[in-house]
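# Understanding the architecture of this molecule
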Amino acid sequence: MNQQEERIQGALERLVAERVVAPTQVEPITRAVRDALAASVPRRGARWTEIISYAGGALVLAGAMAMLGPAWQDLSSGLRSGLLGMITALLLGVALVVQRTGSAVRRRIAGVLWTLGAGTAALGAGQLASENEALIGSVVGLVIAVAGYVCFPGSVGLLATGMLSMTAMITLLDLIDLRSRLLEAFAVIALGVVFAALAAAGVLRHRSLGLGIGSALALMGAQWPVVLTGHDAWPYLMTLAVAVGCLALYMWENTWVLIVAGIAGITIAIPEAIWNLTDGALGGGIMTVVTGFVLLGSGALGLAWHRNAG
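These remarks concern the structure in this document. (Residues numbered from 1 in each chain as written. Predicted model: local features only at pLDDT ≥ 70, side-chain atom pairs only at ≥ 80, totals over all residues. Heavy atoms only, no water.)

### Examining the overall build of the protein chain
Defined as follows: The secondary structure listing takes helices from DSSP runs of H or I that are at least 4 residues long and strands from runs of E that are at least 2 residues long, numbered from the N terminus. Relative accessibility decides the category of a residue: with a 1.4 Å probe and only protein chains considered, values under 20% of the type maximum give buried, values over 50% give exposed, and everything between is partly exposed. By the convention used here, residues are in contact when the closest approach between their heavy atoms is within 4.5 Å. In short, Shrake-Rupley with a 1.4 Å probe defines the accessible areas, and a residue's cover is counted only from the protein chains shown.
Looking only at helices and strands, the protein chain has 13 helices and zero strands in total. Traced from its N-terminal end to its C-terminal end, the protein chain shows the element sequence α-α-α-α-α-α-α-α-α-α-α-α-α. Residue burial in the protein chain is summarised as follows: out of 310 residues, 35% are buried. Here the contacts in the protein chain between residues at least 6 apart in sequence split such that 59% fall between residues at least 24 apart. Accessible surface for the protein chain amounts to roughly 17,900 Å². Of this, 68% is attributable to carbon and sulfur atoms.

What follows is the structure in structure tokens.
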């Protein structure tokens, strides 16, 4: 009997002494817990199978790129899309076959292969389109990535969904040409809010990752005017609002990604605000010190709030 089993049996014996568990139930419960723990630990062979499958999928793409790279520009767009379509069909087909048994390892492998297929499908659709290649490719890839996440949820599939949705949003905004960086910023922030809401509501299986993607998109949207046009008041005000929103959400969703996003937003917004309000009079060192004091003050207030709440 190992230490883990001894601890389990010791806990059960205490429950027997407290007359919560009957003495005849100790051995069956110990055996059931031992079997459950053994089943939860992935077998070494399954780990190697999973690693080999990932490497195989990556080598398929790498080999195809190596073979077609020198002659890729000489091929017609139809032939390029056809080749990418065949690779996509192969990846998606293998993913469907792999996940048929329903084991956790096979579902993860299927999710990765399906995500690779979503990427090649996006590239193939872009090659086939006569115009708006980036938008069409990202939308096709996004649809396939979402379908894969619904069928066999995985963190890789969710990351791909976030990246493709961001690409689709950017290309769509560029096509619409809103002529307002502020409206574009709000659109990207809204996309981040949608991701965070889906994660908080439990629609996304990977709650922390979904909240992280949503926070990152919202912060990116808040900084959108800075990236494209330069400094003014809106970016740091929106970034600060997003940061405060992340910290407020942390009260309900106790996950570290919201703390990181909130601190990152404050660290970005405060130097931008100081630079804008002083017209660049303060140097980077002073702004860093001021930002540090603000963060320390926020931390002290947070500790005091928790102490009073407790």
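### Regarding the nonpolar core
Most often, soluble globular proteins have nonpolar side chains that are buried together. Our working rule: Nonpolar core, defined: a set of buried Ala, Val, Leu, Ile, Met, Phe, Trp, Tyr and Cys residues in which side-chain atoms within 4.5 Å join the residues together.
Judged by nonpolar contacts, the single largest core of 27 residues is most densely connected at Leu158, Met169, Phe195, Leu204, Leu211, Leu217 and Val242. Residue assignment for this core shows that the elements contributing at least two residues are helix H7 (155-176), helix H8 (181-200), helix H9 (207-222), helix H11 (233-250) and helix H12 (256-277). Ranked by residue count, the leading element in this core is H8, at eight residues. Residues within four places of Leu204 in sequence aside, it is in contact with Tyr149, Leu158, Phe195, Leu198, Ala199 and Gly210. Among the nonpolar cores identified, the runner-up in size contains 17 residues, and Ile87, Leu92, Ile109 and Ala118 belong to it.

### Thoughts on unusual backbone geometry
Located in the positive-phi region is Asn132, a residue other than glycine, with phi close to 50 degrees. With respect to the helices and strands, Asn132 occurs in the loop between helix H5 (104-128) and helix H6 (133-151). Note on Asn132: relative accessible area 34%, which makes it partly exposed.

### A closer look at empty space enclosed by the protein
Rolled over the atoms, a probe with the dimensions of a water molecule shows which regions are left empty. Going by this rule: Grid points spaced at 1 Å and placed over the protein atoms alone form the basis of the search, with a cavity being a set where a 1.4 Å probe fits but cannot get out and a pocket an open set showing protein on both sides within 12 Å along at least five of seven lines. Lining residues have an atom within 4 Å of a point. Grid points are joined across faces, edges and corners, and a volume is the space filled by probe spheres set on the points. Gly counts as polar in this scheme, as do all residues outside two lists: the nonpolar Ala, Val, Leu, Ile, Met, Phe, Trp, Tyr, Cys and Pro, and the charged Asp, Glu, Lys and Arg.
As enumerated under the stated definition, the model contains one cavity of 30 Å³ or more in all. Contributing to the lining of the largest cavity are Gly111, Trp114, Thr115, Ala145, Gly148, Tyr149, Phe152, Pro153, Gly154 and Gly157. For the lining of the largest cavity, the secondary structure elements donating two or more residues are H5 and H6. Here the lining of the largest cavity is built from residues that sort into five nonpolar, five polar and no charged.

### Section: a nonpolar patch on the surface
Going by this rule: Put simply, a patch holds well-exposed residues, over 30% relative accessible area, that have no salt bridge, with like charges counted together within 9 Å and Val, Leu, Ile, Met, Phe, Trp or Tyr side chains within 5 Å. A side-chain nitrogen of Lys or Arg and a carboxyl oxygen of Asp or Glu constitute a salt bridge if their distance falls within 4 Å.
Nonpolar side chains collect at one region of the surface, where Leu172, Leu175, Ile176, Leu178, Leu183, Phe186 and Trp234 lie side by side and expose about 640 Å² of accessible area between them. For the nonpolar patch, the elements supplying multiple residues, two or more each, are H7 and H8. If one sorts the elements of the nonpolar patch by residue count, H7 sits on top with three residues. The topology assignment puts Leu178 in the loop between H7 and H8.

### As for helix H4 (residues 77-98)
Note the following rule: Any helix carries an expected span of 1.5 Å times its number of residues minus one. Note that the arc is computed from the directions linking the helix axis to the C-beta atoms.
Its 22 residues place the ends of H4 31 Å apart at the C-alpha level, agreeing with the 32 Å of an ideal helix rising 1.5 Å per residue. When H4 is considered as a whole, its buried residues turn out to be Arg80, Ser81, Leu84, Ile87, Thr88, Leu91, Leu92, Ala95 and Val98. End-on view of H4: buried residues confined to an arc of 130 degrees, all on one side of the axis. Away from its buried face by more than 90 degrees, H4 exposes Met86, Ala89 and Val97.

### A word on H7
Across its 22 residues, H7 extends 31 Å between first and last C-alpha, which sits within 8% of the 32 Å expected from 1.5 Å per residue. For H7, the complete set of buried residues consists of Gly157, Leu158, Ala160, Thr161, Gly162, Leu164, Ser165, Met166, Ala168, Met169, Thr171 and Leu173. Among the residues trailing H7, Asp177 stands out with phi positive, at a value near 60 degrees.

### A short note on the packing of aromatic side chains
The geometry of an aromatic ring pair is captured by two quantities: the separation of the ring centres and the angle between the planes. What counts is decided by this rule: Stacked, edge-to-face and tilted are the three classes for Phe, Tyr and Trp ring pairs, Trp counted by its six-membered ring, which pair at centre distances within 6.5 Å; planes under 30 degrees apart are stacked, over 60 edge-to-face, the rest tilted.
Within this structure, the stated rule accounts for one aromatic pair. Plain terms: the ring middles of Trp114 and Phe152 are 5.6 Å apart, the flat faces sit at 75 degrees to each other, and that makes the pair edge-to-face. Remark: Phe152 occurs in the loop between H6 and H7 and Trp114 occurs in helix H5; sequence separation between them is 38 residues. The same class applies to Trp114 as to Phe152, namely buried.

### Re the environment of Val112
Position of Val112 among the secondary structure elements: in helix H5. A C-alpha to C-alpha distance of 8.9 Å links Val112 and Ser155, two positions 43 residues apart in sequence.

### Here we look at the side chain of Glu253
Defined as follows: Polar contacts, as used here, are pairs of N or O atoms within 3.5 Å; protein pairs need one atom able to donate a hydrogen and one able to accept it. Residues neighboring in sequence count only if both atoms are side-chain atoms.
Considering the arrangement of structural elements, one finds Glu253 in the loop between H11 and H12. Judged by its relative accessible area of 12%, Glu253 falls in the buried class. Within the local environment of Glu253, its side chain forms a polar contact with the side chain of Arg207, the two groups lying 2.7 Å apart. Aside from chain neighbours lying at most four places away, what touches Glu253 is Ala200, Arg207, Leu211 and Leu258.

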